[in-house]
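A look at the structure
Here is what each chain is made of, one letter per residue.
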Amino acid sequence: MAGNEWINGYLEAILDSGGAGGGATEKDQQRRQQQKRSGAAVVEHFNPTRVYLVEEVVTGVDETDLHRTWIKVVATRSSRERSSRLENMCWRIWHLTRKKKQLEWEENQRITSRRLEREQGRRDATEDMQEDLSEGEKGDTVSELSQSETPKKKLQRNVSDIQVWSDDNKSKKLYIVLISIHGLIRGENMELGRDSDTGGQVKYVVELARALSMMPGVYRVDLFTRQISSPDVDWSYGEPTEMLTSGQYDADGNDVGESAGAYIIRIPCGPRDKYLRKEMLWPHLQEFVDGALAHVLNMSRVLGEQIGGGHPVWPYVIHGHYADAGDVAALLSGALNVPMVLTGHSLGRNKLEQLLKQGRQSKEDINSTYKIMRRIEAEELSLDASELVITSTKQEIEEQWGLYDGFDVKLEKVLRARIRRGVNCHGRYMPRMAVIPPGMDFSNVVAQEDAEADGELTAITGADGASPKSVPPIWQEVLRFFTNPHKPMILALSRPDPKKNITTLLKAFGESRPLRELANLTLIMGNRDDIDGMSTGNASVLTTVLKLIDKYDLYGLVAYPKHHIQSDVPEIYRLAAKTKGVFINPALVEPFGLTLIEAAAHGLPMVATKNGGPVDIHRALNNGLLVDPHDQNAISDALLKLVSEKNLWHECRKNGWRNIHLFSWPEHCRTYLTRVAACRMRHPQWQLDTPQDDMPLEESLGDSLMDVHESSLRLSIDGDKSSSLERNPDGLESVANGDGKPDLQDQVKRILNRIKKQPPKDMNNKQSDALGSAIGRYPLLRRRRRLFVIALDSYGEKGEPNKEMAHVIQEVLRAIRLDSQMSRISGFALSTAMPVSETLDLLKSGKIPVTDFDALICSSGSEVYYPGTSQCMDSDGKFCADPDYATHIEYRWGYDGVKRTIIKLMNSQDSQDVSRSENLVEEDAKSCNAYCVSFFIKDPSKAKAIDDLRQKLRMRGLRCHLMYCRNSTRLQVIPLLASRSQALRYMFVRWGLNVANMYVILGERGDTDHEELISGSHKTVIMKGIVERGSESLLRTAGSYQKEDIVPGDSPLIVYTTEGIKAEEIMKALKEASKAASAM
């Protein structure tokens, strides 16, 4: 490698000194064999440095610090000191090489193990699904699995069956949510390139939001991102809302509504005054979910009043961009029960492989720097929840998404075939992949005829006396390099990265005399001030380019300007097109190739690599030639063909213009909406409607008064004072007469008017019965202003609840009831892994009435009960779970398939000791329900970790939520959309109780879902010294992401109690959490 020539120099010097050792390379063996055949004496001379350094290091080591050391060595005059330094460098490079070899071996072991596990998972899934097929169908499934690598006809048939989105959908009025969290996002003057987080994705999502809002049938598009109020960035990134397009009037000038259009919605999460890079955002995503959920619920109500006939307008789809937004979209779509779409942009597993191949960092070092394992798990979770995954190319599907546990191309086709035939998949699922190339804005592209080119080029050279100012400055900057600027220009535009293969292009140009005579070459290689100040890889490429220009004497034929700005790029394309030139992308592998589309829009034919996205672009545009990027002769021949054959050049140019609309934003959005419409549409649906105006007048007035109390003074939980209005109701009159804020005055006046119209106390019995039945029919949650959720996981050795649990519950209830005002507006919920029967036994043991609780979240979040309401009582008067919650979480749930697979995985012996055949798990029938499979764990020390089990289930197409609970004595599997934390969000969606008004009380340890309950916009109180043992040790394997990637370490919303169970201590912690939240 050219970048490692400095290593060659001193290694050859070391080799010249000789050495002896054992072993030999293949070339040495061949040489000795030839010597033996010729009868010559065999000279045994071997230098181990050649094996370990020359053949490995020269091709793999590129360390900046070693390079600096080598420069110092060369400059050293003392031979003894120079030899000492050379010896030290030799050992350092030998160590680096060994380290690289070790990392490569470990990665190969991981890849092999994963490949075998995937093959086993595919076989298990196929065998399991074949049980309910006839003999003929079994054969069909097996043949589909074996032939699934070439499914072109099936794919074409499926695509043709989808109805294309058209103007006929104009009356739909859809609400679409896009999410892109990291970076600096705004509609105008985007700071692209400011940092690694503010790049092409920022531009893409903003343009997508604008384009979607202009499509027929789309009423509103919200783009969610993080709100940043930091002095380090512009104030505009702290604005809660920014309008991208106003859709108040349609194309005919009709008023369509004030909320129509596209908007950027900024959601606060994490430190409000800090701009965080994306690797630091992971612990704050739960807070982002809660903030986004609050906005969606509010907007759904607003849109319902405007266009929904009074019914909420739920999001049509929630679309996450990149891993962090995918994680958020998975939780948000689960809370709302609406479809999710994912665009990965770049993928963590692919990046991890590339970094490991470089051999400079171990997996642990990479994870520490990039939080790569947390990112990969977010991408896996996104695959679990996605209906549709959008990619730019087919290569991204096969070579990048194919690396993930949650996507198997072969198994996906088998499942799709079964669905098409109406055969049960037993809860197995693979997301659909759709190739939709990014859209582009061609509004600034002006297609000009060839006759205009000669005039402008003549003006550039000054032949007609034109001023240089009459042409773009970048044209002058480029053309100054050329002896003959009228020759066709071959244009390459990319970073000076070794993967972009610029040096091979330059060799092809330099070694082809006909090409040099016919054309000029322009290399736009980013911006630079000083090559020495660039990164090692980029500097190496630029240095090699300059050497090759000198080697082939290409002065006057090659342009390589140092600087250009973004607005110069279209002008560079236009210049190349006016010279009847060609655009080339010779990259070794090109994931998509956006520059090829930009060039085609400006009338440039293309020569491009045959590896990656350009294949799809060429198939669509048919405007050039594909080449092997390693074959410089093929590159020069393709360029010469397009430059010399003018008819071919014109044909490619016209083909590009004719088909370029396929990559426009309207075409992208039309394909996008067509694909989304083919997904399984779903949204919240309640069996029992709960209109807001059915509340008794007395209760409604009580709620209104509570609003006044909260507006005028902080509740007693936030301070030491009670509301003065509570103690002195006559104060309402004074507020109404002008002693308060204007908005508070209006609110109080409305309440006083309602009080005057209040019916007399002696209403008839019929009305009283009606009100009483209404109160008992619905949970009190919808009227609560605060909810205290007790989620303590304190269990004994056999998983039975400890006495401390009942004691803590009693003290929490007592703490809240010490304050009468707080007690009136507060409700209680108990969240536990136990089934409802054992939960009731626990309350009974502590003599706690079950009706003290507004909700019971049981079986790790798979069931929700509302004590004291008719909704949770069957005809026999027995407890029954919320049926709406059951339908909310049943998505992708396959009870039987999960149960069989878990038993098989948990009871399989990893060792070869067949004599020990004792099963590790057995079913806990008492704890099972329709949405929870529960198992006893006989020996927790032998149990597989959650992330290991989750990986195996994903490989078998099963999407679910696993957790060890009750002191590691149970393994419970519930639906993907169910969990104790998601149940709290469900209550927000169903009953309107904001998650931000919840207080979650936990121990320091707990079940493996303990971490999920800590973070979010709710207040968390962690009680010290209550829970001695939890199940967290079974959550993750070595090398996985860590707790700090989930739970924020410095959140003001998380407070701790001192050891002890006292109501006063609990109240003190609650006040501290509330005060901290109000200060945010």
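Before reading on, note that the structure itself is shown above.
Below is a summary of the structure that appears in this document. Note that the structure is predicted; figures quoted are calculated from it, not measured.

The number of helices and strands found in the protein chain is 41 helices and 25 strands. Looking at the protein chain as a whole, 55% of its 1080 residues are labelled buried. The long-range fraction of contacts in the protein chain, counting pairs at least 24 apart against all pairs at least 6 apart in sequence, stands at 72%. Total accessible area on the protein chain is roughly 48,300 Å²; 49% of this is exposed by carbon and sulfur atoms.

Glancing now at the nonpolar core. In terms of nonpolar packing, the biggest core is built from 166 residues, with I179, L336 and M906 touching the most fellow members. It is helix α11 (residues 322–336) that contributes the most residues to this core, 10 residues altogether. Here this core spans two domains, and each of domain 1 (170–246 + 258–435) and domain 3 (786–884 + 978–1079) adds at least three residues to it. Beyond its immediate sequence surroundings of up to four residues, M906 is in contact with L920, V921, I937, A943, K944, L949, Y964 and L971. Grouped together as the second largest cluster of nonpolar side chains are 70 residues, L493, L542, I617 and L639 included.

What follows deals with the packing of aromatic side chains. For the structure on display, the rule yields 11 aromatic pairs. Seen in terms of ring centroids, Y865 and F879 are 5.8 Å apart; in terms of plane orientation they differ by 65°. Their pairing is edge-to-face. In this pair, Y865 is assigned in strand β18 (residues 863–865) and F879 in the loop between β18 and α36 (883–889), connecting sequence segments 14 residues apart. According to the relative accessible area criterion, Y865 is buried, its value standing at 5%. Ring centres of Y866 and W991 lie 5.7 Å apart, and the angle between their planes is 90°; this geometry places the pair in the edge-to-face category. Here W991 lies in helix α39 (residues 980–991) and Y866 lies in the loop between β18 and α36, a separation of 125 residues in the sequence. Comparing Y866 with W991, the two get one shared label, buried. In this structure an aromatic cluster arises from ring pairing among W686, Y885 and Y986. The side chain of R349 reaches across the aromatic face of Y404, ending 5.3 Å from its centre. In this structure, R892 is placed above the aromatic ring of Y429, and the distance from its NZ or CZ to the ring centre is 3.4 Å.

For strand β9 (residues 489–493), the tally of buried residues reaches 5 of 5 residues, placing the bulk of the element in the interior. Here β9 shows no split at all, with M489, L491 and L493 on one side and I490 and A492 on the other all buried. With 5 bridges connecting them, β9 and strand β10 (residues 520–524) associate as parallel partners. Paired with A492 across the bridge in β10 is L523. Examined bridge by bridge, β9 and strand β12 (residues 582–585) share 2 bridges and lie parallel to one another. Residue I490 lies in a different strand from β12, and its bridge partner there is V582.

Attention now goes to unusual backbone geometry. Residue K173 is not a glycine yet carries a positive backbone phi of 55°. With respect to the helices and strands, K173 occurs in the loop between α8 (152–160) and β1 (174–179). Of the residues examined, K173 reaches a relative accessible area of 33% and is grouped as partly exposed. If you check the backbone angles, H345 has positive phi at about 65° while not being a glycine. Structurally, H345 can be placed in the loop between β6 (340–343) and α12 (348–358). The exposure class of H345 is partly exposed, given its relative accessible area of 32%.

It is worth spelling out the packing of helix α10 (residues 285–307) against α11 at this point. Where α10 meets α11, the closest approach of the two axes is 9 Å, and the angle between their N-to-C directions is 50°. The angle between the axes of α10 and α11 places the two elements in the oblique class. By crossing handedness, the relation of α10 to α11 is classed as right-handed. Here L285, Q286, F288, V289, A292, L293, V296 and L297 of α10 come into contact with α11, specifically with D324, D327, V328, L331, L332, A335 and L336. Grouping the amino acids of the contact of α10 with α11 by side-chain chemistry returns 12 nonpolar, 1 polar and 2 charged.

To continue, consider the pairing of β12. What you see with β12 is no split at all: V582 and I584 on one side and F583 and N585 on the other are buried throughout. Across 3 bridges, the pairing between β12 and strand β13 (residues 606–609) is parallel. Bridge assignment links I584 to a residue of β13, and that residue is V607. At this point the chain moves from β12, through helix α23 (residues 594–601), to the parallel β13, and the crossover so formed is right-handed.

The tally for this structure, following the rule as stated, stands at 50 salt bridges. R186 is paired through a salt bridge with D234; the nearest N and O atoms lie 3.2 Å apart. Of the two residues, R186 is situated in the loop between β1 and α9 (200–213) and D234 in the loop between β2 (218–226) and β3 (241–246); the sequence distance between them amounts to 48 residues. The partly exposed category is assigned to D234, whose relative accessible area is 30%.

The 7 strands are arranged β18-β17-β16-β15-β23-β24-β25 in an open sheet whose pairing can be described as mixed. Every interior strand has two partners, whereas the edge strands, β18 and β25 (1054–1057), have only one. Direction aside, neighbouring strands of the sheet carry axes that sit 20° apart on average. Bridge count between strand β17 (residues 855–858) and β18: 3 bridges; the pairing is antiparallel. By the bridge assignment, I857 is partnered in β18 with V864. Each of β15 (786–790), β16 (826–831), β23 (998–1003) and β24 (1019–1023) is contacted by helix α33 (residues 803–817), which is oriented at about 170° to β16, the strand it contacts most.

A separate point is helix α37 (residues 895–906). Each full turn of the α-helix corresponds to 3.6 residues, which orients residues three or four apart in the same direction. The end-to-end C-alpha separation of α37 is 16 Å, in line with the 16 Å expected for 12 residues at 1.5 Å each. By the burial criterion, the buried members of α37 are G897, V898, T901, I902, L905 and M906. One side of α37 carries all its buried residues, which in axial view fall inside an arc of 135°. Where α37 is buried, its residues meet α6 (79–129), β19 (921–923), β20 (933–937), α38 (946–955), β21 (960–965) and β22 (970–975).

The next point concerns the environment of A601. Tracing the backbone through its elements, the reader meets A601 in helix α23. A residue is classified by how much of its surface remains accessible, and A601, at 5% relative accessible area, is buried. Non-local contacts of A601, meaning those with residues more than four positions away in its chain, are made with F442, V445, W657 and I660.

A rise of 1.5 Å per residue sets the reference length of helix α25 (residues 632–644), with its 13 residues, at 18 Å; its end C-alpha atoms lie 18 Å apart and thus fit the reference within 8%. Turning to α25, its buried residues number three or more, namely I635, S636, A638, L639, L642 and V643. The buried residues of α25 occupy an angular sector of 160° when projected down its axis, which confines them to one face. Opposite the buried face of α25, by more than 90 degrees, sit the exposed residues N633 and D637.

Moving on: the sheet that holds β2. Sheet strands pair by backbone hydrogen bonding; their relative direction is either parallel or antiparallel. Pairing is mixed in the open sheet, where 8 strands are placed in the order β3-β4-β2-β1-β5-β6-β7-β8. The sheet terminates laterally at β3 and β8 (432–435), the two strands that pair on one side only. Geometrically, the sheet is characterised by an average inter-axis angle of 20° between neighbouring strands, direction not taken into account. The sheet contact formed by β1 and strand β5 (residues 317–321) spans 4 bridges and is parallel. Its bridge partner being in β5, I179 is matched across the sheet by G320.

It is worth spelling out the environment of G200 at this point. Here G200 shows up in helix α9. Given a relative accessible area of 57%, G200 falls into the exposed group. For the pair G200 and H345, spaced 145 residues apart in sequence, the C-alpha to C-alpha distance is 9.5 Å.

It is worth spelling out the packing of helix α13 (residues 363–370) against helix α14 (residues 372–385) at this point. With their axes 6 Å apart at the nearest point, α13 and α14 run at an angle of 75° to one another. Considered as vectors, α13 and α14 are oriented roughly perpendicular to each other. Between α13 and α14, the contacting residues are K363, I366, N367 and Y370 on the first element and I372, M373 and R374 on the second. Grouping the amino acids of the contact of α13 with α14 by side-chain chemistry returns 4 nonpolar, 1 polar and 2 charged.

On to the side chain of N967, then. Turning to its location among the elements, N967 is positioned in the loop between β21 and β22. Overall, the relative accessible area of 11% leaves N967 in the buried class. A polar contact is formed between the side chain of N967 and the backbone oxygen of G796, at a distance of 3.0 Å. Leave out the neighbours within four places in its chain, and N967 touches Y795, G796, E797, R1029, G1030 and S1031.

Parameters and conventions
Residues numbered from 1 in each chain as written. Predicted model: local features only at pLDDT ≥ 70, side-chain atom pairs only at ≥ 80, totals over all residues. Heavy atoms only, no water. Helix = DSSP H or I, 4+ residues; strand = E, 2+ residues; numbered from the N terminus. Buried < 20%, exposed > 50% of the residue type's maximum accessible area, 1.4 Å probe, protein only. Contact = heavy atoms within 4.5 Å. Areas by Shrake-Rupley, 256 points an atom, 1.4 Å probe, with all protein chains shown as cover. Core = buried A, V, L, I, M, F, W, Y, C linked by side-chain atoms within 4.5 Å. Domains from an automatic or database assignment. Phe/Tyr/Trp six-rings, centres within 6.5 Å; stacked < 30°, edge-to-face > 60°. Lys NZ or Arg CZ within 6 Å of the ring centre and 35° of its normal. Pairing = 2+ DSSP bridges. Axes fitted to C-alpha atoms, helices over the stretch in contact; angles between N-to-C directions. Parallel < 35°, antiparallel > 145°, perpendicular 65-115°, else oblique. Left-handed = near helix turned anticlockwise from the far one by under 90°. Nonpolar A, V, L, I, M, F, W, Y, C, P; charged D, E, K, R; others polar. Right-handed = clockwise from strand over helix to strand, strands pointing away. Salt bridge = Lys/Arg side-chain N within 4 Å of Asp/Glu carboxyl O. Expected span 1.5 Å × (residues − 1). Arc of directions from axis to C-beta. Polar contact = N/O pair within 3.5 Å; in protein donor to acceptor, adjacent residues only side chain to side chain.

Worth remembering: the numbers are spatial, not functional.
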